[in-house]
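Each chain is listed here by its residues.
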Amino acid sequence: MTRFARLNCFIGSCLLAGIYLSTAASAEVGSASGSFNPNPPKVEPLPEIVFQPWQKSELKLPLPPLLASERSEFQDEPGDGKERIGIHRSVPFSMMGDILDKLKWHGYKDGIVAYATISSPEAKSIRVQLDLVLPPNSQLVFYGLNLQDERVALDSLSTSDKKREESKYWIPPATGEKVGIEIRLPSTGEISKLEISILKVGHRFRSTQSDDAAAFELECDNHSEAACGIDNGSIELGTVKSTVKLVWDDSEYTYICSGVLMNVEDGEDVFRPYILTAHHCISDEASADNLVVHWFYETESCSSSTTSSDFTRTFGGADVLEARTQEDMSLLELERDAPADAFYAGWATSNVIFNRAVNGAHHPDGVLKKYFTGTSQGSQTVQVCSDEEGEDCFTLVDGIRIAMDEGAAEAGSSGSGLFEEIDGEEVYVGVLSATGEGCDNQDAFFGRFENFYPHITTWFDPEIDDSEPPPDTPPEDDHGDTSDDATTLVLGEMAQGELEESGDVDVFEITIARRGMLTVYTEGSTDTEGKIVDAEGTFEETDDDSGEGWNFRLEVAVEPGTYYVEVSGWGESTGEYELYTSFVVDDDHGDDEETATKIMSSAISWNYDTPGKIDEAIDVDAFEIELKHNSRITVFTEGSTDTIGSLKYENGDLVDENDDASVDDKNFHISGVVEPGFFYLFIEGRLEESDEDEEDEDEATYKLKVVITTE
């Protein structure tokens, strides 16, 4: 295995774990012919806005100007390959809660209608997240404003004879600073059943459909329009037309990636709207739910710089059918059909051999569609990280390495497809995951569709017998399965893991220095089981579902020593998880000034005593003593434990220290005259090995005596 230095990868730093070259193609498992255009029927037109007669009664909800901190937040590079184009703004207090009481209603046909417009100054595009309860037979029409300040419908949301509840619902984005909502109800009696609350506003610093190249910040100057690639024969029409731009909002920001519409027939002339993109782009339902797809976002022709007249968008979001980090691939199914004239990309599961011509289309930095060409360089396993410090990493297993000849990938290109000509047709074989440094002759790394395919046969080829094990090589294990190859677990730090296949066990080693309560648990959607055992095999605790959801949670009292935490999946469960630990020391008295046991009295002369216990050789018992008068302080211990005492002023200076009161008395004894103030007493124990192994804890106990007399 050849080792390489660190690369500046497409999504941060990229550490090469290994590389090999393949010169022979593997047998094909499945395929679909080249890109296909079934030309589905046109989508039903949107309802017209009724707005004009009463536009002065429109409820206006303006956000304040952007803060400097909000601008700075956007400028911080995410470093994860997705192109970030916007932030989420919190709504001011005046806009919080249900806006129902602020609306002004007007009669319309057999019902009533009202309007609300939300604006964010300087936004190039705006989107709003709502909490909704819609009465039966009602409708929302979302609109933007064109250059003539006319209201133009974007999309609608309707109910039948039942009410509809939508939590954290993202309305379609509008170009510019404003987006509006037309609310239609069947009667005034339904007003009390309506609820609309604004949760947050998505403020985009760039429009996702601008013709102005200056609005984008491409780092590389070797890009070529996709239409030019079609004209010069570098890439097929179907490859270009099946590539789409994906725009979505996560919990904090707005992002852009690329994706590909796949050729999967579900019955005669019925095509499912399946999109393949990168796992590091979209892998969770919350992001997929608000996905907006840009179709034909490309130039009208090779010689043109304006957007194609075929450009359109679809809303409604998508479902995540399958998402895997090893291939960095996610399969999404759109909630709505692809538009007319969309092309569905053909695909193949054969191996991409060394030195083959490949190409693809993409949206670097979210711009109008470009194309790239390159040559395959073999297979490579790559550690991909979101920054140069090696944070937030994943392993791209057995990826396809490409040396680009034309074009370059940038943020926003993630998720685009890799195409290879097989039997005279260009077919999809991989997803763009990461790239090396620079623009010219760039190295690029693609997740291998051949390896992802066995996990999506339910949707791509339902006739395959799923009872048979998929034709897949065993996945690379992120954590060892035994104590001999266990991953070291740092107490208090989170560890990420994945149960790659049924029966996988991830083993972690943790060292405990004190007696106390150890808590170990997982978080995530994977149904986990947990076990804690000690190095000697004399201690074992297990749990299944005591944590949140289907996660395990263990709380066990432990002695100092080495322990092993085993994480497995319940039944045949697989998937990712996060492992957490916490520890609370079982100590009768704290070890330092912050946790010291407090001793004080306002009396002129007083006595105090308390029991104590030295838990281990490293244990220290600390006491804080407050004196309110000039006093003689005498402190000592009683008992069979060999103690050592040190008395210090509040500033850390030593008052006195003592080991043995006498030859025959192993207890310490300290006495002296001091002024009023705070003092700290630290007690240690000189424990023999026999004391630590002794089951009778009385062997390590003592009684502390404090005697105060006024001078």
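Keep in mind that what you see is a predicted model, and the values were worked out from it rather than measured. (Residues numbered from 1 in each chain as written. Predicted model: local features only at pLDDT ≥ 70, side-chain atom pairs only at ≥ 80, totals over all residues. Heavy atoms only, no water.)

A short note on the overall build of the protein
- Scanning the protein from terminus to terminus reveals 7 helices and 47 strands.
- With 711 residues in all, the protein has 52% of them scored as buried.
- In the protein, once contacts between residues fewer than 6 apart in sequence are set aside, the share between residues at least 24 apart is 74%. (Helix = DSSP H or I, 4+ residues; strand = E, 2+ residues; numbered from the N terminus. Buried < 20%, exposed > 50% of the residue type's maximum accessible area, 1.4 Å probe, protein only. Contact = heavy atoms within 4.5 Å.)

A short note on the nonpolar core
- Residues Met262, Leu291, Trp295, Tyr428, Phe449 and Phe460 are the most contacted members of the largest nonpolar core, which totals 45 residues.
- Sorting the residues of this core by element identifies β16 (243-249), β17 (253-261), β18 (274-277), β19 (292-295), β21 (318-324), β22 (329-334), β28 (425-435) and α5 (449-452) as the ones contributing at least two each.
- Among the elements that make up this core, the one with the highest residue count is β17 (5 residues).
- Residues contacting Tyr428, with those up to four places away along its chain left out, are Val260, Met262, Leu276, Met329, Gly346, Trp347, Ala348, Gly417, Leu418, Phe419 and Phe449.
- In this structure, Leu100, Ile112, Ala116 and Ile171 belong to the second largest nonpolar core, which totals 33 residues. (Core = buried A, V, L, I, M, F, W, Y, C linked by side-chain atoms within 4.5 Å.)

Let's talk about the pairing of strand β29 (residues 443-448)
- Most of β29 is tucked away: 6 of the 6 residues are buried.
- Bridge count between strand β26 (residues 394-406) and β29: 4 bridges; the pairing is antiparallel. Among the inter-strand pairings, Ile402 is bridged to a residue of β29, identified as Ala444.
- When β28 meets β29, the two strands line up antiparallel, connected through 5 bridges. Bridging from a neighbouring strand, Val431 pairs with Gly447 of β29. (Pairing = 2+ DSSP bridges.)

Some words on the state of the cysteines
- For the coordinates displayed, the defined rule picks out 3 disulfides.
- At a sulfur-sulfur separation of 2.0 Å, the disulfide partner of Cys220 is Cys439. Because the torsion about its S-S bond is -75°, the bridge between Cys220 and Cys439 counts as left-handed. Of this pair, Cys220 sits in the loop between β14 (195-204) and β15 (224-225) while Cys439 sits in the loop between β28 and β29, and the two are 219 residues apart along the sequence.
- Shown here is the disulfide that connects Cys257 with Cys281, its sulfur atoms set 2.0 Å apart. Note on the Cys257 and Cys281 pair: the S-S dihedral is about -75°, so by sign convention the disulfide is left-handed. Taken together, the positions of Cys257 in strand β17 and Cys281 in the loop between β18 and α4 (285-289) put the pair 24 residues apart, joining distant regions of the chain. (Disulfide = S-S within 2.5 Å.)

Side note on the sheet that holds strand β33 (residues 516-523)
- Here 4 strands make up an open sheet; going across it, the order is β31-β38-β33-β36 and the pairing antiparallel. In the strand order of this sheet, the two ends are held by β31 (495-499) and β36 (553-558), each with one partner. Going across the sheet, the axis of each strand differs from the next one's by a mean of 25°, ignoring polarity.
- Taken together, the 8 bridges between β33 and strand β38 (residues 575-585) define a ladder with antiparallel strand orientation. Residue Glu523 lies in a different strand from β38, and its bridge partner there is Glu578. (Axes fitted to C-alpha atoms, helices over the stretch in contact; angles between N-to-C directions.)

Comments concerning the sheet that holds strand β43 (residues 643-649)
- Across the sheet, 5 strands lie side by side as β39-β41-β46-β43-β44; this open sheet has mixed pairing. Two strands bound the open sheet, and with one partner strand each, they are β39 (597-600) and β44 (654-658). Strand-to-strand, the axes of this sheet are offset by a mean angle of 20°, without reference to chain direction.

A look at unusual backbone geometry
- The phi dihedral of Phe296 is positive, around 55°, even though this residue is not glycine.
- Relative to the helices and strands, Phe296 resides in the loop between β19 and β20 (312-314).
- A positive phi angle is found at Asn441, which is not glycine, with a value near 50°.
- Tracing the backbone shows Asn441 in the loop between β28 and β29.
- Residue classification places Asn441 among the exposed positions, given a relative accessible area of 61%.

Side note on the packing of aromatic side chains
- Inspection of the entire model under this criterion finds 18 aromatic pairs.
- Arranged with centres 5.2 Å apart and planes meeting at 45°, the rings of Phe271 and Tyr344 form a pair that is tilted. A residue pair is termed long-range when its members are at least 10 positions apart, and Phe271 in the loop between β17 and β18 and Tyr344 in the loop between β22 and β23 (347-348) qualify at 73 residues.
- Linked through ring pairs, Tyr274, Trp347, Phe419, Tyr428, Phe449, Tyr453 and Phe460 together constitute an aromatic cluster. (Phe/Tyr/Trp six-rings, centres within 6.5 Å; stacked < 30°, edge-to-face > 60°.)

Here's the deal with the pattern of salt bridges
- This structure, assessed with the given rule, holds 28 salt bridges.
- Note that Glu298 is salt-bridged to Lys241, the shortest N-O span being 2.4 Å. In this pair, Glu298 is assigned in the loop between β19 and β20 and Lys241 in helix α3 (residues 237-241), connecting sequence segments 57 residues apart. Each member of the pair, Glu298 together with Lys241, is buried.
- Where Glu626 meets Lys628, a salt bridge forms, and the shortest distance between an N and an O atom there is 3.2 Å.
- Here the salt bridges share partners, and the residues they tie into one network are Glu83, Arg206 and Asp365. (Salt bridge = Lys/Arg side-chain N within 4 Å of Asp/Glu carboxyl O.)

Details of the pairing of strand β41 (residues 620-627)
- β41 sits mainly inside the fold: 8 of its 8 residues count as buried.
- In β41, alternate side chains face the same way, and those of Val620, Ala622, Glu624 and Glu626 on one face and Asp621, Phe623, Ile625 and Leu627 on the other are all buried.
- Both β39 and β41 contribute to a ladder of 4 bridges, which runs parallel. The residue bridging Thr597 from the neighbouring strand is Phe623, located in β41.
- Two strands pair when backbone bridges link them, and β41 and strand β46 (residues 677-685) are joined in this way by 8 bridges, in the antiparallel orientation. The residue bridging Phe623 from the neighbouring strand is Leu681, located in β46.

Considerations on a negative patch on the surface
- Taken together, the side chains of Glu476, Asp477, Asp478, Asp481, Asp484, Asp485 and Glu501 define an acidic patch exposed on the protein surface.
- Tracing the sequence through the fold places Asp478 in the loop between α6 (457-460) and β30 (487-488). (Patch = residues over 30% accessible without salt bridge, like charges linked within 9 Å, V, L, I, M, F, W, Y side chains within 5 Å. Areas by Shrake-Rupley, 256 points an atom, 1.4 Å probe, with all protein chains shown as cover. Lys, Arg positive; Asp, Glu negative; His and termini not counted. Charge placed at Lys NZ, Arg CZ, Asp CG, Glu CD.)

Points about the environment of Ser35
- By the element assignment, Ser35 lies in the loop between β3 (31-32) and β4 (59-62).
- Residues Ser35 and Tyr344, spaced 309 residues apart in sequence, show a C-alpha to C-alpha distance of 5.2 Å.
- Here Ser35 is in contact with Gly238, Thr239, Ser242, Phe343, Tyr344, Ala345, Gly346 and Glu426, once residues within four sequence places are set aside.

Some thoughts on the confidence of the model for the protein
- In this model, the protein carries an average pLDDT of 85, and 86% of its residues clear a pLDDT of 70 or more.
- Counted against residues more than four places away or in other chains, residues 690-698, with its pLDDT under 50, gives 8 contacts. (pLDDT = per-residue confidence, 0-100.)

Here's the deal with the environment of Arg553
- Along the chain, Arg553 falls in strand β36.
- Note: C-alpha distance between Arg553 and Leu579 (26 residues apart in sequence) is 10.0 Å.
- Apart from residues no more than four positions distant in its own chain, Arg553 is found in contact with Thr519, Val520, Tyr521, Asp543, Ser546 and Gly547.

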